[in-house]
Structure formats: structure tokens, C-alpha cells
Amino acid sequence: MRHFLDINKTDPADLRQMIDHAREMKQTRAGLPKGTPDPEQPLKNHIVALIFEKPSTRTRVSFDVGVRQMGGETIVLTGSEMQLGHGESIADTARVLSRYVDLIMIRTFDETSLIELAEHATVPVINGLTDRTHPCQIMADVLTFEERHGPIAGAKVVWAGDGNNVAASMIQAAGQFGFDLTFTGPGQLDPEAVFIEEARAKGSKIEIVRDPEEAVKGADLIVTDTWVSMHDKVSTRERRHNLLRPYQVNERLMGAAKSDAVFMHCLPAHRGEEVTDAVMDGPQSVIFDEAENRLHAQKAVMRWCLGM
Ligand code: CP
Ligand code: NVA
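Cut-offs applied
Residues numbered from 1 in each chain as written. Chains lettered and ligands numbered in written order. Predicted model: local features only at pLDDT ≥ 70, side-chain atom pairs only at ≥ 80, totals over all residues. Heavy atoms only, no water. Pairing = 2+ DSSP bridges. Helix = DSSP H or I, 4+ residues; strand = E, 2+ residues; numbered from the N terminus. Axes fitted to C-alpha atoms, helices over the stretch in contact; angles between N-to-C directions. Contact = heavy atoms within 4.5 Å. Near = heavy atom within 4 Å. Polar contact = N/O pair within 3.5 Å; in protein donor to acceptor, adjacent residues only side chain to side chain. Areas by Shrake-Rupley, 256 points an atom, 1.4 Å probe, with all protein chains shown as cover. Nonpolar A, V, L, I, M, F, W, Y, C, P; charged D, E, K, R; others polar. Salt bridge = Lys/Arg side-chain N within 4 Å of Asp/Glu carboxyl O. Core = buried A, V, L, I, M, F, W, Y, C linked by side-chain atoms within 4.5 Å. Buried < 20%, exposed > 50% of the residue type's maximum accessible area, 1.4 Å probe, protein only. Parallel < 35°, antiparallel > 145°, perpendicular 65-115°, else oblique. Left-handed = near helix turned anticlockwise from the far one by under 90°. UniProt positions renumbered as here; feature names shortened; annotations may be inferred. 1 Å grid on protein atoms, 1.4 Å probe; cavity = no way out; pocket = protein on both sides within 12 Å on 5 of 7 lines; lining within 4 Å.

Pairing is parallel across the open sheet formed by four strands, whose spatial order is E2-E1-E3-E4. Edge positions in the open sheet fall to strand E2 (73-78) and strand E4 (125-127), since each of these has one partner strand only. For this sheet the average axis-to-axis angle between neighbouring strands, irrespective of direction, equals 20°. Sheet topology places strand E3 (residues 103-107) next to E4; three bridges connect them, and they run parallel. When the bridges of E4 are listed, Met-105 appears paired with Ile-126. Docked against the sheet, helix H4 (residues 111-120) engages E3 and E4, running at close to 165° with respect to E4.

See below:
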């Protein structure tokens, strides 16, 4: 059974194959209307369940469109309308859904829900974001970086701001794809040490540099994300903003990186908070290619999961 639960739980050769496959599939669709069926229809006669226990724009639409392009159908479910939200166990939900659908994507809170679903499902399960990681996002980010800039292996990536779920997957990717990563943010919001240790053990240089301008020196890619994630308590907003304000990605910070450095943000962005309009809309920003690439990367992930 091929689940896609985390960047670290997937073999580096498989990750590479998925990125290359995504790029090929993207090229064959260039300029076509979005609903044009792919030349191959690997998901013909397949049904995919998309479960959302948190809001989503990109993940929801890109999975749905990707399944349709590959000839399959989707069922989109929100946590509150399922028995899952009313006391049915995750294990039983996994067993039941596996009798109806061929693949399950879930966006949830605690990572243990994802793991439990995968343990009891008899069809592949894909992580569509948990409080702890967001691997589909980082597959799209690697694809986007390589389209614009060339191989990511050996590059220097700087994560600015909150050491959150998306940062965690980016650090895992550093270890798996062989790039270096500098985290710049307040000590109170550092990524979990285990992510850093695992990437270092795979040979990547992972540094923490508190001064953002120092951190971005030599950077090929600067990435940030919202200062308040969906799992963060609203009551922490002011404290988080106060801690994170020095790490805003603005033109001055971009100017301290390499002149051809790229800017990424998984979106949704809070313009004027973690990033300025000038950077979001500037020549170094690839945010909308990054959003589009969710579609192509996830199609490759789904095909890998189903062995197609
Ligand atoms: N980047 C991302 O996962 O966006 P959504 O929350 O809109 O799915
Ligand atoms: N860190 C953000 C990412 C949203 C795609 C969150 O978890 O809310």
C-alpha cells in the first residue's frame, strides 16, 4: 500500500520520479482548457474521497480538478457532515470508506488522525495538511523552484517566519532532495528539533539564524507563510504578530538574497503582514505558478499511490 503521508516517509527516488512525472504531465496540457481529459486516463472508473476538517481553496480545487483530468470522480466531504465529527472512530471510518472509494485525501488537525486513517484503510491515503506537516504543498514547491531556477539539490532555501507545518515539510524536503535550509524566525516559534535533526542526518546543512538579513545571504529561494495557522488559537494572534513582525518578507529582505532568488508562499497570504504587496507581485515571486503546480504535483502523487 502506497500512502503519501509525509515527505520523510516517501523514498527520495519516488519523490524525484513524482516531480519529473508532474512536469511531463504539465507540459502535455499547456494551453488546453482545464477540463480537457489527459491523454492517459489512469483514474478511469476510480473514485477519490476528499475529506476536509479545515477550510481549503487550493487543495480542494486542485485535487478535484486533477482527478477529473485523469478520468476519475471525487466525493468531497467536510468533517462536520461526516459521522467522523460525531464520534465514529477514525479506524471504522477508514474501513468503511475503503469499501466505497479507491483513494482518500484528508486534511485534518492532529497528525494521529491521518496515521490512524492510513493504518486502517485498505486504499491509499494522502496527507492534505495536518497541524504538523503539508507534504503536497512542498511537492508543488520543488516543482516550481526547478521550473524557474533549475535543480533544487544544492540550493539554499530560507524559511522566514513561523516554524509551522509547511516549514516542517520543507525541512524534510531539504533532507530528501539534498538542499540546504536556513530558518530565520523567533526562537519561540522554531520548527520542532526532530525535523532539523533528521534533515541534518541525511547530510543537509540546516541552520537557524535569528537576524533575517544575515539569514538570506546567498539564498536561492525565500519562503514564508501566514503568522497564524488554522490550528493556532486566535488568542495567540497578537503575541505571534509581535514576535514575527521582524521577519516580514519585504523588498529590503529580498534585496539581501541572491539577485535571482525566488519568492514563494503556499497561500493564502496576509498581504502587509508576513509579506508585502511589492514582493507578492514583484518579478521574483512565483506564487501563482506555485498554486497551479499543486494540481500537477498532486496528479503525480495520486498516480504514484495507485501505481499508475
Ligand atoms: N496552500 C494551501 O494548502 O491552500 P488551501 O488551504 O487553500 O488548500
Ligand atoms: N500554515 C498554514 C498553511 C495553510 C495552507 C495553516 O496550517 O493554516
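In the vicinity of ligand 1, the contacting residues are Ser-56, Thr-57, Arg-58, Thr-59, Arg-107, His-134, Gln-137, Cys-266, Leu-267 and Arg-294. Here Arg-294 contributes a side-chain N or O atom positioned 2.9 Å from an oxygen atom of ligand 1. Taken by itself ligand 1 offers 250 Å² of open surface, and the protein chains cover 96% of this. Split into classes, the residues belonging to the shell around ligand 1 amount to two nonpolar, five polar and three charged.

So, on to the pattern of salt bridges. Counting across every chain of the model gives 21 salt bridges. Between Lys-217 and Glu-214 there is a salt bridge, with its nearest N and O atoms 3.0 Å apart. Between Lys-258 and Asp-220 there is a salt bridge, with its nearest N and O atoms 2.8 Å apart. Of this pair, Lys-258 sits in the loop between helix H10 (251-255) and strand E9 (262-265) while Asp-220 is found in the loop between helix H8 (212-215) and strand E8 (221-224), placing the two residues 38 residues apart along the sequence.

This part is about the site of ligand 2. The environment of ligand 2 is made up of Leu-129, Asn-164, Asn-165, Val-166, Asp-225, Thr-226, Ser-229, Met-230 and Leu-267. Contact between ligand 2 and Asn-165: an oxygen atom at 2.8 Å from a side-chain N or O atom of the residue. Across the complex, the protein chains shield 94% of the 270 Å² of accessible surface that ligand 2 would expose by itself. Per-class residue counts for the shell around ligand 2 are four nonpolar, four polar and one charged.

A few words on the nonpolar core. One finds Phe-4, Ile-126, Met-139, Met-170, Phe-177, Phe-179 and Leu-181 to be the most contacted residues of the largest nonpolar core, which totals 56 residues. Every residue in contact with Met-170, bar those within four places of it in the chain, is listed here: Ile-138, Asp-141, Val-157, Trp-159, Phe-179, Leu-181, Leu-221 and Val-223.

The next subject is the packing of helix H3 (residues 90-100) against H4. Contact geometry for H3 and H4: axes closest at 8 Å, N-to-C directions at 45°. Taken together, H3 and H4 sit at an angle that is classed as oblique. Judged by the twist between their axes, the crossing of H3 over H4 is right-handed. Contact residues: Ile-90, Ala-91, Ala-94 and Arg-95 in H3; Ser-113, Glu-116, Leu-117 and His-120 in H4.

Our focus in this paragraph is the pairing of E8. Every second residue of E8 is oriented toward a common face, with Leu-221 and Val-223 on one face and Ile-222 and Thr-224 on the other, all of them buried. When strand E5 (residues 156-160) meets E8, the two strands line up parallel, connected through three bridges. In the strand pairing of E8, Trp-159 is matched with Val-223. Looking at chain direction, E8 and E9 are connected through four bridges and run parallel.

Once that is clear, we can look at the UniProt feature "binding site: L-ornithine" (unreviewed entry) in the protein. What UniProt calls "binding site: L-ornithine" (unreviewed entry) maps, in this numbering, to Asn-165, Asp-225, Ser-229 and Met-230. Spatial clustering of the annotated residues is evident: they stretch over 66 residues in sequence, but the largest pairwise C-alpha distance comes to 11.7 Å. As for the annotated residues, the ones lining the largest pocket are Asn-165, Asp-225, Ser-229 and Met-230. Dropping the residues within four chain positions of it, Asp-225 is found in contact with Trp-159, Ala-160, Asn-164, Asn-165, Val-166, His-265, Cys-266 and Glu-274. Residue Ser-229 is classed as buried on the basis of its relative accessible area, which comes to 7%. Residue contacts for Ser-229: discarding those within four places in its chain leaves Asn-164 and Asn-165.

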